[in-house]
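Next come the chains, spelled out residue by residue.
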Protein chains: 2
Amino acid sequence: MSFEPDALKAFVNRYLDTVVNGSADDVAALYAEDATLEDPVGCGEVHIGRQAIAGFYKNLGGAELTTELLSFRPGGNEAAFIFAITVGGAMRIEPIEVMTFNSDGLITAMKAYWSPADVTQL
Amino acid sequence: MSFEPDALKAFVNRYLDTVVNGSADDVAALYAEDATLEDPVGCGEVHIGRQAIAGFYKNLGGAELTTELLSFRPGGNEAAFIFAITVGGAMRIEPIEVMTFNSDGLITAMKAYWSPADVTQL
């Protein structure tokens, strides 16, 4: 299974838009039922399933968010990208994320790579 | 298993230096015996094992290469990064790569995300 680069980029932009403008459940609805989410990678916690994933995004709730896609690379049914997210006008993080998509364009796996060194206080 | 960000960055820089200054076998020696390599992701070909990986790098042989690490993100025993590689002074590619390392610091999986749109003729 493979998507054209433009289709993958549209999935990623839809995700970044929904993080800003949607509810936690809206974001979770972009994931497959049995999807996995690891953010940040390496901290030992992997969120499994849409309900757990909604819980992860609820923890971001309340703050004003902005997102901006900085660099995008396609890869069949995967995509890797750098984006900036600002939280409450107070901090900016620039993770590298990798996503895998199923044939319905739903995210089956998301991994976000970043560390405290990638957080800027605004 | 987890590495400090500086250790992961040193692994990545060693890899980028070896791609420029080492032989294909030198680069393959940075991989675990049973490692996998997918470059570019999504084209259906995964190189499995150090011998196949050496063959992949031999195909790059001959041309003058330069590499430059542009952005780096740590993640436990993984790392994601953007780098630039120039080939024979004729083209420049900027992939996003993700690597996983074993406890010896050898690469167990490498995935490179890029497409023709990420290639610049120089």
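Residues numbered from 1 in each chain as written. Chains lettered and ligands numbered in written order. Predicted model: local features only at pLDDT ≥ 70, side-chain atom pairs only at ≥ 80, totals over all residues. Heavy atoms only, no water.

Engineer: Got a minute to help me understand the overall build of chain A in this structure?
Structural biologist: Helix and strand content of chain A: three helices and eight strands. The order of α-helices and β-strands along chain A, N terminus first, is α-α-β-β-α-β-β-β-β-β-β. Relative to its length of 122 residues, chain A is compact, with a C-alpha radius of gyration of 14 Å against a globular reference of 14 Å. With respect to the principal axes defined by its C-alpha atoms, chain A has extents near 40 × 30 × 30 Å. For chain A, buried positions account for 47% of its 122 residues. The long-range fraction of contacts in chain A, counting pairs at least 24 apart against all pairs at least 6 apart in sequence, stands at 49%. (Helix = DSSP H or I, 4+ residues; strand = E, 2+ residues; numbered from the N terminus. Rg over C-alpha atoms; globule rule 2.2 N^0.38 Å. Buried < 20%, exposed > 50% of the residue type's maximum accessible area, 1.4 Å probe, protein only. Contact = heavy atoms within 4.5 Å.)

Engineer: Is there a simple way to think about the relation of the copies chain B and chain A in this case?
Structural biologist: Both copies of the chain are related through a single rotation about an axis accompanied by a shift along the same axis. Between chain B and chain A, which share one sequence, the superposing operator has a rotation angle of 180° and an axial displacement of 0.0 Å; the RMSD is 0.0 Å. In symmetry terms, the pair is related by a two-fold rotation axis. Comparing interface residues between copies, 100% of those in chain B also lie at the interface in chain A; the contact surface is shared. (Least-squares fit on C-alpha atoms with pLDDT ≥ 70 in both.)

Take it as geometry only, folks, not as evidence of what the structure does.
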